[in-house]
Structures are given as structure tokens and as C-alpha cells.
Amino acid sequence: MNVQSSQQLIEDLTLDSNTPYLAVVFSLDGFNLSEAKILDYFKEHKGERYWFKSKENVFNKIGIGYLDGFTRSNFDSGTLDELKTTVFQKLQYIKLDESIDMKADLFGGMRFDDKKSSDEWMDFDMVGFHLARWQFDLEKNAGIFIIEKDELEKQGLVRYILHTLEGIERSSVKVRISSIKSEHEIFPEEWKNLVKETLNVLDSDFLKVVLSRQLLVRMDEHIDLNFIINRLLDEAGTYIVYFERKNSVFVSKTPEKLFNVFNNKLLTNAIAGSIPRTQDYRVNDANKAEFLRDEKNLFEHIVVRDSIIEDIKAYTHDIMYDYKPSIMENRYIYHLYTPIEAVLNEDANLFDVLYQMHPTPAVGGLPKNLAQEYIKEHEFYTRGLYAAPLGFISENNDAEFVVALRSMLIKGSSATLFAGAGIVEGSDPELEYVETTTKFRPMLNVLEAL
Ligand SMILES: C=C(O[C@H]1C=CC=C(C(=O)O)[C@@H]1O)C(=O)O
């Protein structure tokens, strides 16, 4: 960044009186920044920081300080779309480097069930989208600083941004390692019984329901967030969601995309059907071949796929997918996987798409309404952000939302982990229980000291 020419650009800028914020877009070229350094540098903003990294390394976004945005106590697509437009209309942009292609976006989402509440999730809104004051994208190697115009002092602005970037670069991140003191499964036997009872309720009208449970992990002391942030980078091939709000942190290493939209092209996928991955590649190869032929898993997968296609039909055209699923390989588990592509209709409201697609049958069930009601009534806790849609949305409707699986809620010295399994006719309660144990692994791995 050339200080003089950047400063000149700002001095020459005519401030538009209709927009309260100035968004300064800058390059990170020449700076050696990492996620851990950025988040640590802004530690006084604890409770207002997020990190959202794409599974395919397309973006790596960090947001600091929730300057603006909107929260709602229920989901109303029309209102949300208007609120979104209002927030973006408050921004006037200035690029310190013409070649950077970055704009501000909103990060957030909604709880699994926007009508069910419990104390555990009090810090998170039913629906909430945040405009961060500092936004970094380490994939784009660029950042944005948004400042209120009535606080703006043009002369010092470029120096202030530069000073901040240098400060981040210089900071050395201290990590305090904590150890797991106890692990406590919440109602394991009752959960297996619930699966048994559910098998009696399933029929040709109620095909599938995903039942989840919790594992409570107590650490020996207050969990150091730098430690969590460092551990999150450990496994590639999943998304990383790290979302602070007030005194809670929600963390997910989900493999599951709800959908993304870039240049009006919508990508989504069906992920359903699972087998564990072992340490032995020969066993894995044999299991994978068997998995692709296994009727229970194939059935579970195909109903999920068809339901997703049904959900996006009203908002898209030219839907394309492979008829046969492939296998998605994660570190501890394999899933049956079908990518689905479509073109978004011109008048589509992305909040409508989100509301229609959520919950996918991979986390709710089928039919969706029946399954959602069943979960609300029978599960032993409130899902909150577990299996909820979280992600970002930009002014021009580029967006990416994930389904927040393989996740946990951190408060103080404890973490609550979540995992579920799709229950269909023929499911074995003991095997489903083991499958949920496998699905706790990614978050246990984050918490376990090396
Ligand atoms: C509900 C979860 O996983 C879903 C996603 C993929 C495969 C699943 C399954 O095979 O049951 C689940 O539907 C979870 O990880 O908590």
C-alpha cells in the first residue's frame, strides 16, 4: 500500500451525504497475516468476531466488530431482504488499490428452529446478520475497514489502517493448552430408546427423521479461544465456522454446504448416508465399494437428494446432477454425496431459498414439516445453531451457507458437542448411536491437547 497516493485518494474523495459509512478497501500484499494473528489482535472485540473458511479454499473470511446488521425473532424473507438492502445502501466505497475485487458482506444465519428457544442459546439471535467493521479475506488477500463518516478524520485514515496491519503482523499469539477434565454423554440410553420408539412411528408417510444428542465436555480451566482457533486448522476438507456472540462461541467443522450462489449459479449438494473411515485403506476400499451398493444408505441418500431438488425448483432452472452418488471422504467418516447445480431465477430472494432449503432432510427428515415437529417434541434439548444454516450474503446476492454440523457451543470452561443420525426404516439404534459417537470426533479433536 502506497501511503501517499492512498492518502491522496481519500483526501480527494467527495463524501456522499446519503451514506453514513465509508468502506475502505485495501490490499494485504506484503503483510504476513494469519487467522490466529488477526483474531488475537482484536481480542478486545471478543464476542463480536467470526471466522468462516470455505471447504474448497474459495474464501477465508474474518470479521471483527459488529458495526451494523439486523436481528429478528422470526424468519420473514421479505423483511430480511429489505433489511439487507438497507444495510448495504449505507456504504460508500473507496478502493485504495483498483485491482482488488472485494466488497463487504453480512455474516450470520438463523437457529435450527426459529420458533424454539432455550437459555443455552440466549446469546445467539433467532435470526441475525452482522456487518463487521473490519473484514478480511485471506484468500483474496484483501480487507475492508468500515468507518462512520461522522467520526472520520481523513488525514490519519491510511496511517491508522497501516498501523493496524503492522500491529497484527507483529503480534505473537500466545496459546494456553487446556485438557479435558470430563466427558459426559447426555441421556445415551434414553436416546437409543427414542430411536427404537421412532422406528415404530416411521411408515410410508413419515420416512425419515434425524435424531441428535449432546456430549458435554468439561475442560480443566476456562477454554482459551486462541487454542481453539489454532486447533481448527488441523483438518482440511471441511468448512470452518467460528462465531462469537456475547459470551458464547459456536464452532463447526461441517462438510455440508447448504448452498452457494456465485454469479447467479446455485450449487448445493445432498449428503446423506454414512460409514466410518478406518485406519486401514484395504478395509476402507472394501467398505466403500459395499457402501455404494448398500440399499439402506442409497435409499436414505436418494430421498434427501430428491427433496433438495424439489425445494429449489421454484427459485431456479436448469437443475443438473449425477444420477449415481459418489463418496465424500472426511477424516473420520464417509458420506454418500451428490452435487447439484442450477441457475437462480432473476427475481429469486435468497432468504426464500434459504428458508425453503432448511432443514435439508440430512438434518431434519422427511417429510420436512413432520420431521421438524417430531424433533421439536422428542429431542432432549434445543438445537439452536447445531444443524442451522450459517454463512454470508453480499450486496449482489453472492452467498454461501453451510449446515452447521460437527459442531459445539463453548461457554467458559465447558463445551457442548452435537451429533445426529438419520433414522429410517431398518436403522439399528446401537449402530446409529455409534455413528453419532463418530460424529463427535471432529470437535473432540479440536478440544484435545496434542
Ligand atoms: C446429522 C448429522 O449428519 C448428517 C449429515 C450427513 C450424514 C448423516 C447420516 O448419515 O445420518 C446425517 O444426516 C450430524 O453430523 O450431526
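Counting of residues starts from 1 at the beginning of each chain's written sequence and follows it residue by residue. Where local features are concerned, this predicted model is filtered to residues with pLDDT of at least 70; where side-chain atom pairs are given and counted, the filter is 80 or more; whole-chain, interface and lining totals use all residues.

K.L.:
I'd like a description of the site of the ligand, backed by residues and values.
P.N.:
Working rule for contacts: place C-beta from the backbone, and if it is within 6 Å of a molecule or strand, that residue counts as near it. In the vicinity of the ligand, 16 residues are found, and the nearest of them are Ser274, Ala362, Leu405, Gly420 and Gly422. Under the DSSP-based scheme used, a helix requires at least four consecutive residues in state H or I and a strand at least two consecutive residues in state E, with every element numbered from the N terminus. Among the elements of the structure, strand E9 (208–219), strand E13 (265–276) and strand E21 (414–424) are those that each provide at least two residues to the shell around the ligand. Put simply, Ala, Val, Leu, Ile, Met, Phe, Trp, Tyr, Cys and Pro go in the nonpolar bin, Asp, Glu, Lys and Arg in the charged bin, and everything else, Gly too, in the polar bin. Taken together, the residues of the shell around the ligand sort by class into eight nonpolar, six polar and two charged.

K.L.:
How would you explain the domain arrangement of the chain if you had to name every residue and give the values?
P.N.:
Where each domain begins and ends follows an automated or database-derived domain assignment. Annotation of the chain at the domain level lists domain 1 (3–170) and domain 2 (180–224 + 255–447). Domain 1 and domain 2 are separated by 29 Å when their C-alpha centres are compared. Placing C-beta atoms from the backbone, we regard two residues as in contact once those atoms come within 7 Å. Across the boundary between the two partners, domain 1 contributes 25 residues, which contact 25 residues of domain 2. Those elements giving two or more residues to the side of domain 1 that touches domain 2 turn out to be helix H3 (77–88) and strand E5 (105–110).

K.L.:
Any chance you could break down helix H9 (residues 350–357) for me, citing the residues and the numbers?
P.N.:
Three exposure classes are used, all based on how many other C-beta atoms lie within 10 Å of a residue's own C-beta (placed from the backbone): buried at 20 or more, exposed at 12 or fewer, and partly exposed between those limits. All buried positions along H9 are accounted for by Leu350, Phe351, Val353, Leu354 and Met357. For H9, the angular spread of buried residues about the axis comes to 155 degrees, placing them on one side. Next to the buried residues of H9 lie H3, strand E12 (257–262), helix H8 (295–312), strand E18 (389–394) and strand E19 (399–403). An arc is given here, and it is the one of the directions from the helix axis to the C-beta atoms.

K.L.:
Which residues make up the nonpolar core, and what values do they have?
P.N.:
The nonpolar core criterion groups buried Ala, Val, Leu, Ile, Met, Phe, Trp, Tyr and Cys residues into a set whenever they are joined through C-beta atoms within 7 Å. If you look at the biggest cluster of nonpolar residues, it comprises 121 residues, and the most contacted ones within it are Val24, Ile228, Val241, Tyr242, Val251, Ala404 and Leu417. No other element matches the seven residues that E21 contributes to this core. When we break this core down by domain, the ones giving at least three residues each are domain 1 (3–170) and domain 2 (180–224 + 255–447). Residues contacting Ile228, with those up to four places away along its chain left out, are Ile223, Val251, Ile410 and Val446.

K.L.:
Give me unusual backbone geometry: which residues, what numbers.
P.N.:
His358 connects to Pro359 through a cis peptide bond whose omega is -10 degrees. Cis geometry is adopted by the peptide bond preceding Pro367, which originates at Leu366 and carries an omega value of -10 degrees. The residue Pro367 is located in the loop between strand E17 (365–366) and helix H10 (368–378) in this model. Phi is positive for Phe187, close to 45 degrees, though the residue is something other than glycine. Note on placement: Phe187 falls in the loop between strand E8 (180–185) and helix H5 (188–201). Residue Phe187 is classed as partly exposed on the basis of its 14 C-beta neighbours within 10 Å. In this structure, Lys246 is a non-glycine residue whose phi angle is positive, near 50 degrees. Residue placement: Lys246 occurs in the loop between strand E10 (240–245) and strand E11 (248–252).

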